[in-house]
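Breakdown of the fold
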Amino acid sequence: MHVRLWGTRGSLASPGPDTLRYGGNTSCVEVTSDDVRLVLDAGTGIRALGRSLGDFTGRVDILLTHLHLDHLQGIGFFGPIFRAGVEVHIWGPPSSTMDLRERLARYLSPPLFPVRLRDLGQRVSLHDVPAGEFRIGEVRVVGEPIIHPGPTVGYRISAGGVTLAYLPDHEPALGAPRFPLAPRWTSGEALADGADLLIHDVQYTSAEYPAHVGWGHSSEQHAWALAHQAGARRLVTFHHDPGHSDDQLDAMVRALADRGGPEVIGGTEGLELDVA
């Protein structure tokens, strides 16, 4: 399984001299395993991913964790979605009030976007993420609800004997008198359990988190504690706050690495990792 990060910023794209190394594009991760190509979230990073594919034809599966704009904004700029010979499957969390098409069409329609979702035609198929495991080719996927405002899922992706867990917007410490709680009471624990690679929200520092309780995001210490308790081998920091500079993020990653436990990797735009 091969992983490439195309966008690691949270909430709002933030290009500029202070974000050059970690990147300013919002959430987008490419996962490939044999002939299967998955795109985790469709933030602004998906535009560059699409350009990298050249004249690609075939199937692409876009797995959305939720429908906040920073995870959707790039979908209309993903070049392959307009190309004949490309089959796009978009997966998203189910809702009890509107189906996925209705919710996506709120953004992919005027006045917010000039192209309507229905104009993309039959080459785009929409799916609610089912309960339990489902398969895309030989890749096994589990999507489970996690703590974040609105319907939100995290993903556990397994292929070739290795596992990736992806929880980009997640507040596992919400309401917990201490953290982490026992595994069965900790949001995201089952998805991260024994993962070879965990990509996790680290939007806030521990000093910043108390002022943002309930906003749906994690501190760096909460992300590390979840990774440690779940036995994840490597932790990739993700969904970086738009106000955090490269230097601040370097200091955060160093502090986490000094704690021991899982290997800590700074989630930088363009980073490629083999999960093995």
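Since we're looking at a predicted model, the values are computed, not measured. (Residues numbered from 1 in each chain as written. Predicted model: local features only at pLDDT ≥ 70, side-chain atom pairs only at ≥ 80, totals over all residues. Heavy atoms only, no water.)

Turning our eyes to something else, we now look at the side chain of Ser-219. Mapping Ser-219 onto the fold places it in the loop between strand E11 (197–201) and helix H4 (220–230). Overall, the relative accessible area of 1% leaves Ser-219 in the buried class. Of the polar contacts made by the side chain of Ser-219, one reaches the backbone nitrogen of His-222; its length is 3.1 Å. (Helix = DSSP H or I, 4+ residues; strand = E, 2+ residues; numbered from the N terminus. Buried < 20%, exposed > 50% of the residue type's maximum accessible area, 1.4 Å probe, protein only. Polar contact = N/O pair within 3.5 Å; in protein donor to acceptor, adjacent residues only side chain to side chain.)

In a structure, side chains of opposite charge can pair up when their charged atoms sit close to one another. All chains considered together, the criterion is met by seven salt bridges. Measuring nitrogen to oxygen at the nearest pair gives 3.2 Å for the salt bridge that ties Arg-21 to Asp-247. Taken together, the positions of Arg-21 in the loop between strand E1 (2–7) and strand E2 (28–33) and Asp-247 in helix H5 (residues 246–257) put the pair 226 residues apart, joining distant regions of the chain. For Arg-59, the salt bridge identified is with Asp-61, shortest N-O distance 2.7 Å. Assessed through its relative accessible area of 2%, Asp-61 is described here as buried. When salt bridges with common partners are traced through the structure, they connect Arg-21, Asp-247 and Asp-250 into a single cluster. (Salt bridge = Lys/Arg side-chain N within 4 Å of Asp/Glu carboxyl O.)

Turning our attention to the layout of surface pockets. Empty space within the largest pocket amounts to approximately 250 Å³. Residue lining of the largest pocket: 16 residues in total, with Leu-67, His-68, Arg-103, Arg-106 and Pro-151 positioned closest to the centre. Broken down by class, the residue content of the lining of the largest pocket amounts to eight nonpolar, six polar and two charged. (1 Å grid on protein atoms, 1.4 Å probe; cavity = no way out; pocket = protein on both sides within 12 Å on 5 of 7 lines; lining within 4 Å. Points joined across faces, edges and corners; volume = space filled by probe spheres on them. Nonpolar A, V, L, I, M, F, W, Y, C, P; charged D, E, K, R; others polar.)

Right, let's talk about empty space enclosed by the protein for a bit. On inspection of all chains with the given rule, the structure shows one cavity of 30 Å³ or more. As a volume, the largest cavity reaches approximately 40 Å³. Contributing to the lining of the largest cavity are Ile-75, Gly-76, Ile-81, Phe-82, Leu-108, Phe-113, Val-115, Arg-116, Leu-117 and Leu-120. Taken together, the residues of the lining of the largest cavity sort by class into eight nonpolar, one polar and one charged.

Now for the pairing of strand E3 (residues 36–40). Looking down a regular strand, the side chains alternate between one sheet face and the other. By the criterion of burial, E3 is predominantly enclosed, with five of the five residues buried. Neither face of E3 is exposed, since Val-36, Leu-38 and Leu-40 on one face and Arg-37 and Val-39 on the opposite face are all buried. Inspection of the sheet shows E2 paired to E3 by five bridges, in the antiparallel sense. Opposite Thr-32, over in E3, you have Arg-37 as the bridge partner. Hairpin connection between E2 and E3: a loop of two residues separates the two successive antiparallel strands, and Asp-34 in this loop has a positive phi of roughly 55°. (Pairing = 2+ DSSP bridges.)

Below, the discussion takes up H4. Of all eleven residues that make up H4, eight are buried, and the element is covered over most of its length. Looking only at H4, the buried set comprises Glu-220, His-222, Ala-223, Trp-224, Ala-225, Leu-226, Ala-227 and Ala-230. Among the structural elements, helix H3 (189–192), E11, strand E12 (234–238), H5 and strand E13 (263–265) are those in contact with the buried residues of H4. One or two steps after H4, the chain reaches Gly-231, where phi turns positive at roughly 75°. (Contact = heavy atoms within 4.5 Å.)

Moving on, we come to the environment of Trp-91. With respect to the helices and strands, Trp-91 occurs in strand E5 (residues 86–92). Counting along the chain gives 90 residues from Trp-91 to Leu-181, while the straight-line C-alpha distance between them is 30 Å. In terms of polar contacts, Trp-91 uses its side chain to reach the side chain of Asp-61, at 2.9 Å.

The next thing to look at is helix H2 (residues 100–107). Of all the residues in H2, the buried ones are Leu-100, Arg-103, Leu-104 and Tyr-107. One side of H2 carries all its buried residues, which in axial view fall inside an arc of 95°. Those residues of H2 that are buried are in contact with E5 and strand E6 (124–128). Measuring from the backbone nitrogen of Arg-101 back to the side-chain oxygen at the start of H2 gives 3.2 Å, which picks out Asp-99 as the cap. (Arc of directions from axis to C-beta.)

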